[in-house]
Amino acid sequence: MPSLVSLPKNPLIGTVKVPGDKSVSHRSLMLSALAVGESRITGLLEGEDVLATAHAMRAMGATLNRVDDGEWVVNGVGVGGLMSPDDIIDMGNSGTSTRLLMGLIASHAITVTMTGDASLRSRPMGRVIDPLSEVGAVFKARDDKFLPLTVTGTDMPVPLDYTTPMASAQVKSAVLLAGLNTPGITTVREKVATRDHTERMLKSMGADITVQDEDGIRVIRLVGQPELCPVNLEVPGDISSAAFLLVAASIIPGSDVTLENVGLNPLRTGIIEALKAMGASISIHNERELGGEPVADVQVIAAPLKGVVNLEVDPSTMIDEFPVLFCAAAVASGVSRFTGLEELRVKESDRLAVMAAGLRANGIKVTELDDGIDIEGCGGFIPGGGTVQTHLDHRIAMSFAILGQMANKAVMVDDASPIQTSFPAFVRLMTGLGAGLDVLE
Ligand code: S3P
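The residue count restarts for each chain, going from 1 along the sequence in the order it is written. At least 70 in pLDDT is required for a residue's local features to be given in this predicted model, at least 80 for side-chain atom pairs to be given and counted, and no such filter applies to totals for whole chains, interfaces and linings, which use all residues. Each side-chain value is derived from all of the structure's non-hydrogen atoms; neither hydrogens nor water enter the calculation.

In the annotation of an unreviewed UniProt entry, the protein is listed under the name 3-phosphoshikimate 1-carboxyvinyltransferase and assigned to Kordiimonas pumila. UniProt positions are given in the numbering used here, feature names are shortened, and annotations may be inferred rather than shown by experiment. According to the UniProt record, the Subcellular location (unreviewed entry) comment for the protein reads "Cytoplasm".

Below, the structure is given as structure tokens:
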């Protein structure tokens, strides 16, 4: 497997576009595959996770083609029109593909068997199996909760009124997507608001969906069996990918980077608030709307960061950005404490344990907590010299690639290949801005 070596080189200077948003890309393929007519999507993230969704939608009968200029043309089968694939579907590393598709399948009378890589096969599926069983789908899963699993959807789906037990946009979306081919009103209640790309996209495609605040609970109601209109969509840039550059340009002295076209959905922008709370210099320009989502250009100029103990940011608004924020904390001056992060233990890896191990291996003092981590910042360059185990987790690989840019001795990442899942252009884009990254095949 290709390893990656990260050593300081130059300040990061320039203007770049980050790849398309992963969450929006998945949903655009799934929902356009259920529309009636032809959709056109540009700026789609062509990472392995989204390609797994494309493959699955093809296997269930939709027509998806990438045309020459990078545009994707999708001919949908209509809500209710999915067919049983003639083979097992391999979801690779993608939890979002797996959980959202389980929702779609639950209310179609089809049978699908799914598997994935070692990381995905270790991730909990009970959180979607439970509500989707109430819809009427039948699951056969390894140990009742892991991939590989076979789901048989029902032709008599029951509309749920479901309160998500954890802050999870995947669970919410799985229930809503099951509600698409279900007569009646499907209701999802969230105690903590999570990214709302599914709700926004369904609305823009003509579904009858409402979102209300009822005594501090976010209540989403979807009227089932809509005819979804095809879309003409430009996918905004992914703030979760932008986060690596936001941290890199903040911590590498002399940097000045502008990221164009970044999606700034208010349920995704916690990383900007968190970095600002640590002293980062981030400014937003040219705010506009793209594909039903707010976007803007984001400029970041290097600034000394200080540790943060009581971060007043809702973790769900930056759930995927904590690994790279921990790297910012390692370079900052003073101690940081991050808590309320138990969900990080069930991501592509156990991100609390894996980050703690990687930081320690590079000379940083950390204490792993049940639901978080304490990090003693170095106030500048970190010792480095350690090898990080990525455990098939793209965000771990990229986080330590960034941290190595502020290390006295090279930071080694054991496996760079997971980066392909969400940010295939990462190394090229970073080195183009001035970073010192080498992939050793
Ligand atoms: C996602 C939701 C989040 C996030 C994941 C993408 C989505 O997962 O971590 O990368 O697109 O809905 P959870 O719902 O498990 O928090």
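We are not done yet, so read on.
Here a helix means four or more residues in a row that DSSP labels H or I, a strand means two or more in a row labelled E, and each is numbered from the N terminus. Along the protein, the regular secondary structure elements total 13 helices and 25 strands. Taken along the three principal axes of its C-alpha coordinates, the protein extends 60 × 50 × 45 Å. For every residue, the accessible area obtained with a 1.4 Å probe (protein chains only) is divided by the maximum for its type, and the residue is called buried under 20%, exposed over 50%, and partly exposed between those limits. Sorting the 441 residues of the protein into buried and exposed places 60% on the buried side. Counting only contacts in the protein whose residues sit at least 6 apart along the sequence, the fraction spanning at least 24 positions is 76%. We call two residues in contact whenever any of their non-hydrogen atoms come within 4.5 Å of each other.

Before going further, it helps to spend a moment on the nonpolar core. Residue types Ala, Val, Leu, Ile, Met, Phe, Trp, Tyr and Cys, when buried and joined through side-chain atoms within 4.5 Å, form a set referred to as a nonpolar core. Grouped together as the largest cluster of nonpolar side chains are 79 residues, with contacts concentrated most on Leu275, Leu325, Phe326, Phe338, Leu359, Ile375 and Phe426. In terms of residue count, the dominant contributor to this core is helix α8 (residues 239-251) (ten residues). Membership of the second largest hydrophobic core comes to 64 residues, among which are Met91, Met125, Val171 and Leu233.

On to the UniProt feature "binding site: 3-phosphoshikimate" (unreviewed entry) in the protein, then. Those places that UniProt annotates as "binding site: 3-phosphoshikimate" (unreviewed entry) correspond, in this numbering, to Lys22, Ser23, Arg27, Ser168, Gln170, Asp320 and Lys347. Looking at where lysine 22 falls in the secondary structure, it is placed in helix α1 (residues 22-32). Once residues within four sequence positions are removed from consideration, lysine 22 is found in contact with Leu45, Asp49, Val50, Thr96, Asp238, His394, Arg395, Thr421 and Ser422. With respect to the element layout, arginine 27 can be found in helix α1. On the accessibility criterion, arginine 27 (2% relative accessible area) is buried. For arginine 27, the residues in contact, after removing those within four places along its chain, are Ser32, Thr96, Leu100, Ala169, Ser173, His197, Thr198 and Met201.

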